[in-house]
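Results of the structural survey
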Number of protein chains: 2
Amino acid sequence: MHATLLYGAGDVRVEDVPDPRLVHPADAVVRITAACICGSDLWPFATGPAGGAPARMGHEFIGVVEEIGADVTSVRKGDLVVAPWVFSDGTCDYCREGLTTSCAHGGIWGYGDADGAQAEAVRVPYADGTLVRLPVAADSALIPGLLTLSDVFGTGHHAAVRGGVTAGSTVTVIGDGAVGLLAVLAAKRLGAERIVLMGRHRARTEIGREFGATDVVAARGDEGITAVRELTAGHGTAVVIEAVGTRPAYDQAVGVVRSGGTISRVGVPQYEDAPVGVGSLFFRNVRLTGGAAPTRAYIADLLPDVLSGAVDPGRVFDVTTDLAGVPDGYRRMAARESLKVLVRP
Amino acid sequence: MHATLLYGAGDVRVEDVPDPRLVHPADAVVRITAACICGSDLWPFATGPAGGAPARMGHEFIGVVEEIGADVTSVRKGDLVVAPWVFSDGTCDYCREGLTTSCAHGGIWGYGDADGAQAEAVRVPYADGTLVRLPVAADSALIPGLLTLSDVFGTGHHAAVRGGVTAGSTVTVIGDGAVGLLAVLAAKRLGAERIVLMGRHRARTEIGREFGATDVVAARGDEGITAVRELTAGHGTAVVIEAVGTRPAYDQAVGVVRSGGTISRVGVPQYEDAPVGVGSLFFRNVRLTGGAAPTRAYIADLLPDVLSGAVDPGRVFDVTTDLAGVPDGYRRMAARESLKVLVRP
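Residues numbered from 1 in each chain as written. Chains lettered and ligands numbered in written order. Predicted model: local features only at pLDDT ≥ 70, side-chain atom pairs only at ≥ 80, totals over all residues. Heavy atoms only, no water.

A short note on the overall build of chain A
Short version of the rule: Put simply, DSSP marks the helices as runs of H or I at least four residues long and the strands as runs of E at least two long, and each gets a number from the N terminus on. Using C-alpha atoms as the atom set, the radius of gyration is obtained and then compared with a globule rule of 2.2 Å times the number of residues to the power 0.38. Accessible area is worked out with a 1.4 Å probe on protein chains only. A residue is then buried under 20% of its type maximum, exposed over 50%, and partly exposed in between. We call two residues in contact when some of their heavy atoms are within 4.5 Å. All accessibility values rest on the Shrake-Rupley procedure with a 1.4 Å probe; residue burial counts only the protein chains present in the view. The sign given to each residue is positive for Lys and Arg and negative for Asp and Glu; His and the chain ends receive no count. Just so you know, the charge point we use is NZ for Lys, CZ for Arg, CG for Asp and CD for Glu.
A count of helical and extended segments in chain A gives 12 helices and 19 strands. A globule of 345 residues ought to have a C-alpha radius of gyration of about 20 Å, and chain A, at 20 Å, matches this closely. The dimensions of chain A, computed from C-alpha atoms along their principal axes, are 60 × 40 × 35 Å. Across the 345 residues that make up chain A, the buried fraction comes to 59%. Taking the contacts inside chain A whose residues are at least 6 apart along the sequence as the reference set, 69% of them involve residues at least 24 apart. Accessible surface computed for chain A: about 12600 Å², of which carbon and sulfur atoms make up 51%. If you average the places of the 31 positive and of the 39 negative side-chain charges in chain A, the two averages end up 5 Å apart.

Take a look at the structure:
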């Protein structure tokens, strides 16, 4: 079958790889009908993989179950399913608490011996814990929205939940990528009253406004901080969602958060150390929360609203391609010509 | 009157200073009957003040109201009162939310033109917002316990509250100073089931056991982390209270916190940057919270239990002295000969 491989910085290829097959009794094999390219894929695309062997890419997919192992009970051959970006056993303490990203048996698509999802098919470990059946056809108009349950909508939702967004909240969202925009949608869905979106790409911030942003601040750094403070009587907002992952974005979050407020990060940090002392978080009692989003745990909550059309997270896809178009999709997203690329293998 | 002045590292003197007097209509003048030396006083005592002028010291006190300004309505001459370590107006948004440390008009005793509490008397700004009447006599046996409401018990309580301690919680407390021990007491009071106290001073950890610690780990660093993980099936505890303020203590907190758990800091950070990235907090969804404790906001909740004897936070005082003995009190605490020194001016 064909799968996407990252050979190094800027070097993505679609090549033949062995077909996936069942290895463990809890496995399933899923033929992928919809996948996509993630903003987080752009980090390795920019910097190259660590080792010498090419890396399998893609961690978001919808597909049709082709084969199941002897222990699999929750899905059957022919079912349309969605998978979160982390597979997990569904039975350990962490999974039962909803922190599937900390599952002892979990893993991320494309890492170790796990298949990547920008491909024709994948072996799914712990199919019962990982997969969720979808009550639609593979060609449903809802597929783009349902595909965001793999990662970006669930991640935006995680940011809002961890940030403590509730009815009447005032929120700043830093970043107008797919996760930032879906954090706006998630915050709105949870009842946020005021949502300030910090982003510079007008086509994207317009989607943010459709999703519920009440204000858009295009400025960054000190200028952006000043602008948000001016919108909030000098105080900043009680919740700040950081959906970029750079140190400047972190610093911006510290600058716009209200004293006693919460910074919720879902942009994968491209830094390890950052200011957390008296002058940044401590004296003002600012909480730092968020992290890798256990999107599997949120599907049950979010799915009905996607199916009903109450929310339309699939709006973040602006390009659709086949597998052969994946390398160009990386290029387009890296160049910010495209917000998020949908892949139909 | 006499007051305590810090001239530089290791150089604390008790000298004559002008008597405090009313300046603003919201002020009171309070004659101090009980004060104390704080672990946080030991940082400037070790490193010396930043400027040239000596610094007024002390931020915890009980005393008798001697004079009130024209606008003061909540206390009267002759009342015994306790003051938190931060004075605050009691009327701004932050004060009404219970974040008195972020009061726009607030300040810390000994900073700027504010008097220090290791003295015979102080001018109290915003007396109505700051002071709380105590229904006991100035020579009550409850005074040591009530004095901890100024800072250390309220700070331990803040750590537990921000850490999310509730009935059945499992908590690690890092640090066997007065704040660490009172964080144990606060966690126990809030229903924590298991409390691991990390501290090396046996006399102190014994008080920790009296306060509710179920386990004591004397080891530090990697060895200490391993010990706590061994006590918790390899996972660490869901709540970690960091009551020291050094980078090694922070690293220890990261090491013993369970995935999905919370690090609540109340030790004043002696660092600004620390690890918060993928490898430390982010991937494991660890929250970082805590901060400068708004102890004024907690007095109403804690006072009844101190008055009833349900808790005895005054156990942290092991030496009592007069003002003349304050310099030796600093020396004793810095040398860890004393846990916390009570000052009766």
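Here we look at the environment of Phe-211 of chain A
Residue and element names in this part refer to chain A. Here Phe-211 is to be found in helix H7 (residues 202–211). Taking the C-alpha atoms as reference points, Phe-211 and Thr-320, 109 residues apart in sequence, are found 21 Å from one another. Sequence-distant contacts of Phe-211, defined by excluding residues within four places in its chain, comprise Leu-181, Leu-182, Val-184, Leu-185, Lys-188, Asp-312, Pro-313, Arg-315 and Val-316.

Examining a negative patch on the surface
This is how the line gets drawn: In this analysis, a patch consists of residues with relative accessible area above 30% that form no salt bridge, clustered at 9 Å for like charges and at 5 Å for the nonpolar side chains Val, Leu, Ile, Met, Phe, Trp and Tyr. Salt bridge, as used here, is a side-chain nitrogen of Lys or Arg placed within 4 Å of a carboxyl oxygen of Asp or Glu.
A contiguous patch of negative charge on the surface is contributed by Glu-272 and Asp-273 of chain A together with Glu-272 and Asp-273 of chain B. Mapped onto the fold, Glu-272 of chain B is located in the loop between strand S15 (257–265) and strand S16 (273–275).

Looking at the packing of aromatic side chains
To keep things clear, this is the line we draw: Aromatic rings from Phe, Tyr and Trp, with only the six-membered ring used for Trp, were paired whenever their centres fell within 6.5 Å, and each pair was classed as stacked if the ring planes differed by under 30 degrees, edge-to-face if by over 60, and tilted otherwise. Charge-over-ring contacts are defined here by two conditions on Lys NZ or Arg CZ: a distance within 6 Å of the ring centre and an angle within 35 degrees of the ring normal.
One pass over the full model with this rule turns up 10 aromatic pairs over all chains. Geometrically, the ring pair formed by Phe-61 of chain B and Trp-109 of chain B is edge-to-face, given 5.2 Å between the ring centres and 75° between the ring planes. Residue Phe-61 of chain B is found in strand S5 (residues 61–68), and its partner Trp-109 of chain B is found in the loop between strand S8 (107–108) and strand S9 (121–124); the two are separated by 48 residues along the sequence. You'll find Phe-61 of chain B and Trp-109 of chain B in the same group, each marked buried. Taken together through their ring pairs, the aromatic side chains of Phe-61, Phe-87 and Trp-109 of chain A make up a single cluster. Lying across the ring of Tyr-7 of chain A, Arg-13 of chain A places its NZ or CZ 3.7 Å from the centre.

A word on the interface of chain B and chain A
What counts, and what does not: What counts as buried area is the accessible surface, traced by a 1.4 Å probe, that two parts surrender upon association, with contributions from both included.
Of the residues lining the interface, 41 residues belong to chain B; the matching set on chain A comes to 41 residues. Around 3300 Å² of area is buried between chain B and chain A when both sides are counted, 52% of it from carbon and sulfur atoms. Taken together, chain B and chain A are joined by 2 salt bridges. The shortest N-O distance in the salt bridge between Arg-258 of chain A and Glu-97 of chain B comes to 2.9 Å.

As for the sheet that holds strand S1 (residues 2–8) of chain A
Residues and elements named next belong to chain A. Put simply, the test is: Strand pairing requires that DSSP identify at least two bridges connecting the strands.
One open sheet accounts for 3 strands, arranged S2-S1-S4; its pairing is antiparallel. Strand pairing shows two members of the sheet lacking a second neighbour, strand S2 (11–16) and strand S4 (55–56), which therefore form its edges. Looking at chain direction, S1 and S2 are connected through 6 bridges and run antiparallel. From the neighbouring strand, His-2 faces S2, where its bridge partner is Asp-16.

Comments concerning helix H5 (residues 152–163) of chain B
One turn of the α-helix equals 3.6 residues, which is why residues spaced by three or four share an orientation. Residues and elements named next belong to chain B. Operational definition: By this rule the span expected of a helix is its residue count minus one, scaled by 1.5 Å.
With 12 residues, H5 extends 16 Å between its outermost C-alpha atoms, agreeing within 8% with the 16 Å of an ideal straight helix rising 1.5 Å per residue. Of all 12 residues making up H5, 11 are buried, and the element is well covered by its neighbours. Here H5 has its buried residues at Val-152, Phe-153, Gly-154, Thr-155, Gly-156, His-157, His-158, Ala-159, Ala-160, Arg-162 and Gly-163. Gly-164 sits one or two positions beyond H5 and adopts a positive phi of about 80°.

A look at the environment of Leu-302 of chain A
All names here are of chain A. Along the polypeptide, Leu-302 turns up in helix H11 (residues 299–308). Each C-alpha atom of the pair Leu-302 and Arg-194 lies 21 Å from the other, and the pair is 108 residues apart in sequence. In contact with Leu-302, not counting residues within four places along its chain, are Leu-149, Phe-153, Gly-154, His-157 and Arg-189.

Things to note about the environment of Gly-164 of chain B
Secondary-structure assignment places Gly-164 of chain B in the loop between H5 and strand S11 (170–174). For the pair formed by Gly-164 of chain B and Gly-261 of chain B, sequence separation is 97 residues and the distance between their alpha carbons is 9.6 Å.

Comments concerning the sheet that holds strand S2 (residues 11–16) of chain B
All names here are of chain B. The line we're drawing: Axis geometry follows a simple rule: fit a line to the C-alpha atoms, using only the stretch in contact for helices, then measure angles between N-to-C directions, giving values from 0 to 180 degrees.
With antiparallel pairing, 3 strands are arranged side by side in an open sheet as S2-S1-S4. Here the strands that pair on one side only, and so sit at the sheet edges, are S2 and strand S4 (55–56). Where helix H12 (residues 326–334) meets the sheet, it contacts strand S1 (2–8) and S2, and its direction lies at approximately 160° from that of S2.

Side note on a nonpolar patch on the surface
A surface patch of nonpolar side chains, amounting to about 200 Å² of accessible area, comprises Trp-43 and Val-268 of chain A together with Val-278 of chain B. When you line up the elements, Val-268 of chain A lands in the loop between strand S15 (257–265) and strand S16 (273–275). According to the relative accessible area criterion, Val-268 of chain A is partly exposed, its value standing at 34%.

With respect to the domain arrangement of chain A
Residues and elements named next belong to chain A. Spelled out, the test is: Each domain span listed reflects an automatic or database assignment of domains. Pairing of N or O atoms within 3.5 Å defines a polar contact, subject to two protein rules: one partner must be a possible hydrogen donor and the other a possible acceptor, and residues neighboring in sequence count only if both atoms are side-chain atoms. Any residue that is not Ala, Val, Leu, Ile, Met, Phe, Trp, Tyr, Cys, Pro, Asp, Glu, Lys or Arg is counted as polar, Gly included; the first ten are nonpolar and the last four charged.
Domain annotation for chain A reports domain 1 (2–151 + 294–343) and domain 2 (156–290). Taken together, the contact pairs 17 residues of domain 1 with 20 residues of domain 2. Of the roughly 1600 Å² buried between domain 1 and domain 2, counting both surfaces, carbon and sulfur atoms make up 64%. Ranking the residues of domain 1 by area buried against domain 2 places Trp-43, Arg-315 and Leu-339 at the top, with a combined share of 35%. Applying the counting rule to domain 1 against domain 2 returns 3 salt bridges. The tally of links from domain 1 across to domain 2 stands at 5 residue pairs in polar contact (both at pLDDT 80 or more). Taken together, the residues that form the side of domain 1 that touches domain 2 break down as 9 nonpolar, 2 polar and 6 charged.

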